[in-house]
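Working through the structure, step by step
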Amino acid sequence: MPPADALGWWALQFTPHVAWLEEALMLETSACERLWGGRRSLMRQMAATVPPGTRVRQAIGATSLEALARLRLYAAGLAQPARRPDDLPLETLSAAAPHLQVLARLGCRTWGDVAALPRGPMVRRFGAPLREALDVAWGLRADGLPWLQLPESFDQRLELPMLAQSAPELLWAAQRLLGALRLWLQARQRGVLAVELSWTLDLKRLDGAELPRLQQLVVRTAEPTQDMAHLRRLLAERLALTQLIAPTGWLRLKSMETADWQGRTRSLLPPSLPGGHAGPWAEEGREGEPLHQLVEKLSARLGPRQVLAARPVQDHRPEGRQQWRPAAGLDLLALAASRDEAAPGAKARRRGGRRAEAGQDSAAAEAGARAGEQRGVPLPDPTPQPPQQPASRRPEPTPPADPALPDIGTGLLPAWLLREPRLLATQDGEPCHGGAPLRCLAGPQRLETAWWEAGRPAARDYYIAQDARGALFWIYRERATRPGTGTGTGTGTGTDEAPVRWFLQGIYA
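Before going into details, it helps to say that this report is about the structure given with it. (Residues numbered from 1 in each chain as written. Predicted model: local features only at pLDDT ≥ 70, side-chain atom pairs only at ≥ 80, totals over all residues. Heavy atoms only, no water.)

Details of the overall build of the protein
If you tally the helices and strands in the protein, you get 12 helices and 17 strands. Buried positions account for 34% of the 509 residues belonging to the protein. Long-range pairs, those at least 24 residues apart, make up 60% of the contacts in the protein between residues at least 6 apart in sequence. When the accessible surface of the protein is totalled, it reaches about 31,500 Å², and 54% of it is carbon and sulfur. (Helix = DSSP H or I, 4+ residues; strand = E, 2+ residues; numbered from the N terminus. Buried < 20%, exposed > 50% of the residue type's maximum accessible area, 1.4 Å probe, protein only. Contact = heavy atoms within 4.5 Å. Areas by Shrake-Rupley, 256 points an atom, 1.4 Å probe, with all protein chains shown as cover.)

Now the structure itself:
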């Protein structure tokens, strides 16, 4: 059975006015019954959605005390009086419990008998609470119930029926806390992203060593969720790898991070096709568990560093264009979209769009020039002039263009890159692989990075090469300068070319 607070959170989905009155949960529904199709329909829906493990008895009354009295009669198996609240037994009124014997000697057996007593002498003899309770029962005074308020975050403690000696024993008690968490999330319309499960150790010292007061573990999800079955599987995987350093008798579950709950888009298709089999996770027309749940379960079982996802990085160097990060907690769909955006085809489309915009701008400029000539406005010379360079700066030499080698472009990059570029042997300045020379088929494609960028600066010319057996390789020639020489950007003697080195960067399948 969920805790009392959790039952109150569950009731908040039907009305915002929920309060505990002694052993009963009171719902004030006069303002929202029509939204549920009437009072009887509301009571049926409440009975159908009651939390698991909870037995519900329902009673209706014009006031909270009348509803509580009718609920007590229903639980005791007694008949309901026709005239209410006049004929309700006096034993069902909590305020009259200390005075039942005296009232019985006075011949008062029902609420109406006590209400008929003179107000002044009754207050002096039995006190004001009894008179005030009768005024509430007849609607002469407001109930004044403390309506339930949802906490900003979930934080529940639970005492175990016996000391737990191992971490997997905590899972049974944690399941009850997860049920309360689900009710809180539904009431707040939130989805949980991270929860912390902690337990209080029963010992302060063990074998002469001081022990911490608590042990805890944190479970994170990639997307906001209200699926407690998924959280239970993640907790089971983590607890199976956890060792208790001392027995524990208290368990605590706390929400660390939540987000707005968008719900699920319902499908018009059936859960499974005719003759098909819907798996245990099949819902809304889908079979199998979602990708992020599979990744989170494997990360909890194998460790976060064993399940990785590629993350694209803006870098000119091919070896630095992606980083491998733990997949748990990452938005895999967003990563896939970013990889598609960073694909060569997407870049070419963006360049095509920019060229189209540049063409439009040049057409507009020509139209403006013609208009200026008609008005007699002097126009600047449209012929582009080469930029002026200082005399001390010498342009960097470029490799001679070979008309027989086509441009590599961005669509011919290899699908398999080496983790680190591999240095190739050379014969007469030509690259070799496996002891045989390589023949360049396409290139060069120049790549340069500046010294202020992260990582090692690069100055490379890329080629597509082929060996004698027909295998294709992606190689580059490094254009480095000797340390200590000038950079060619200030007053100096220019650059001094270092010996040429060839590297293997990728392999074509």
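Let's talk about the sheet that holds strand β12 (residues 430–433)
Taken together, 7 strands build an open sheet; the order of strands is β13-β12-β11-β17-β16-β15-β14 and the sheet is antiparallel. A single partner strand is all that each edge strand has here, and the edge strands are β13 (436–437) and β14 (439–448). Note that strand β15 (residues 459–466) and strand β16 (residues 472–478) share 7 bridges and pair antiparallel. Residue pairing across strands places Arg 460 opposite Glu 478, the latter belonging to β16. (Pairing = 2+ DSSP bridges.)

Some words on the sheet that holds strand β7 (residues 214–225)
Overall, antiparallel pairing links the 4 strands, which are arranged β3-β8-β4-β7 in an open sheet. Sheet topology places β3 (155–164) and β7 at the edges, where each strand pairs with a single neighbour. Across the sheet, the mean angle from the axis of one strand to that of its neighbour is 20°, orientation sign disregarded. As judged from the 8 bridges shared by strand β4 (residues 190–201) and β7, these two strands associate in the antiparallel manner. Residue pairing in the sheet places Val 195 in a bridge with Val 219 of β7. Sheet strands in contact with helix α9 (residues 228–240) are β4 and β7, and its direction is about 145° off that of β7. (Axes fitted to C-alpha atoms, helices over the stretch in contact; angles between N-to-C directions.)

Side note on the pattern of salt bridges
Evaluation of the coordinates by the stated rule reveals 17 salt bridges. Here Glu 22 and Arg 72 are joined by a salt bridge, their closest N and O atoms 2.4 Å apart. Here Glu 22 is found in the loop between β1 (18–21) and β2 (24–27), whereas its partner Arg 72 is found in helix α3 (residues 64–76), with 50 residues between them in sequence. Via salt bridges that share partners, Glu 22, Glu 23 and Arg 72 belong to a single interconnected network. (Salt bridge = Lys/Arg side-chain N within 4 Å of Asp/Glu carboxyl O.)

Comments concerning helix α8 (residues 170–188)
Given a rise of 1.5 Å per residue, 19 residues ought to cover 27 Å, and the 27 Å separating the end C-alpha atoms of α8 matches this to within 8%. What α8 keeps buried is the set Leu 170, Leu 171, Ala 173, Ala 174, Leu 177, Leu 178, Ala 180, Leu 181, Leu 183, Trp 184 and Leu 185. At its buried positions, α8 is contacted by α1 (4–11), β3, β4, β7, α9 and β8 (248–260). One or two residues past the end of α8 sits Gln 189, with phi positive at roughly 55°. (Expected span 1.5 Å × (residues − 1).)

Overview of the packing of aromatic side chains
Evaluation of the coordinates by the stated rule reveals 8 aromatic pairs. Both rings, one in Phe 14 and one in Trp 36, keep their centres 5.3 Å apart while their planes meet at 55°; by these two values the pair is tilted. On the criterion of sequence distance, the pair formed by Phe 14 in the loop between α1 and β1 and Trp 36 in the loop between β2 and α2 (39–48) is long-range, its members being 22 residues apart. Ring geometry for Tyr 462 versus Tyr 476: centroids 5.1 Å apart, planes at 50°, classification tilted. Residue Tyr 462 is found in strand β15, and its partner Tyr 476 is found in strand β16; the two are separated by 14 residues along the sequence. Taken together, the ring pairs connect Tyr 462, Trp 474, Tyr 476 and Phe 503 into an aromatic cluster. For the cation-ring pair, Arg 125 lies above Phe 126, with the distance from its terminal atom to the ring centre recorded as 5.2 Å. (Phe/Tyr/Trp six-rings, centres within 6.5 Å; stacked < 30°, edge-to-face > 60°. Lys NZ or Arg CZ within 6 Å of the ring centre and 35° of its normal.)

Digging into the pairing of strand β11 (residues 416–427)
With 5 bridges joining them, β11 and strand β17 (residues 501–507) adopt antiparallel strand pairing. Residue pairing in the sheet places Leu 423 in a bridge with Phe 503 of β17. Two elements, β11 and β12, share 3 bridges in a ladder whose sense is antiparallel. Directly across from Ala 425, in β12, lies its bridge partner Cys 432.

Focus on the nonpolar core
Counting residues in hydrophobic clusters, the biggest one holds 44 residues, and the most contacted among them are Leu 181, Leu 197, Trp 199 and Leu 251. Taken together, the elements giving at least two residues each to this core come down to α1, α2, β3, α8, β4, β7, α9 and β8. Residues in contact with Trp 199, not counting those within four places in the same chain, are Leu 170, Arg 213, Leu 214, Gln 215, Gln 216, Leu 217, Leu 239, Thr 242, Leu 244, Thr 248, Trp 250 and Leu 251. Ranked by size, the runner-up nonpolar core spans 26 residues in total, among them Met 26, Leu 90, Leu 103 and Leu 130. (Core = buried A, V, L, I, M, F, W, Y, C linked by side-chain atoms within 4.5 Å.)

Observations regarding the side chain of Gln 215
Following the sequence through the fold, Gln 215 ends up in strand β7. A distance of 3.3 Å separates the side chain of Gln 215 from the backbone oxygen of Gln 243, its partner in a polar contact. A polar side-chain atom of Gln 215 sits 3.2 Å from the main-chain amide nitrogen of Ile 245. For Gln 215, the contacting residues outside a window of four places in its chain are Leu 197, Ser 198, Trp 199, Leu 201, Thr 242, Gln 243, Leu 244 and Ile 245. (Polar contact = N/O pair within 3.5 Å; in protein donor to acceptor, adjacent residues only side chain to side chain.)

Just distances and angles here, no functional claims.
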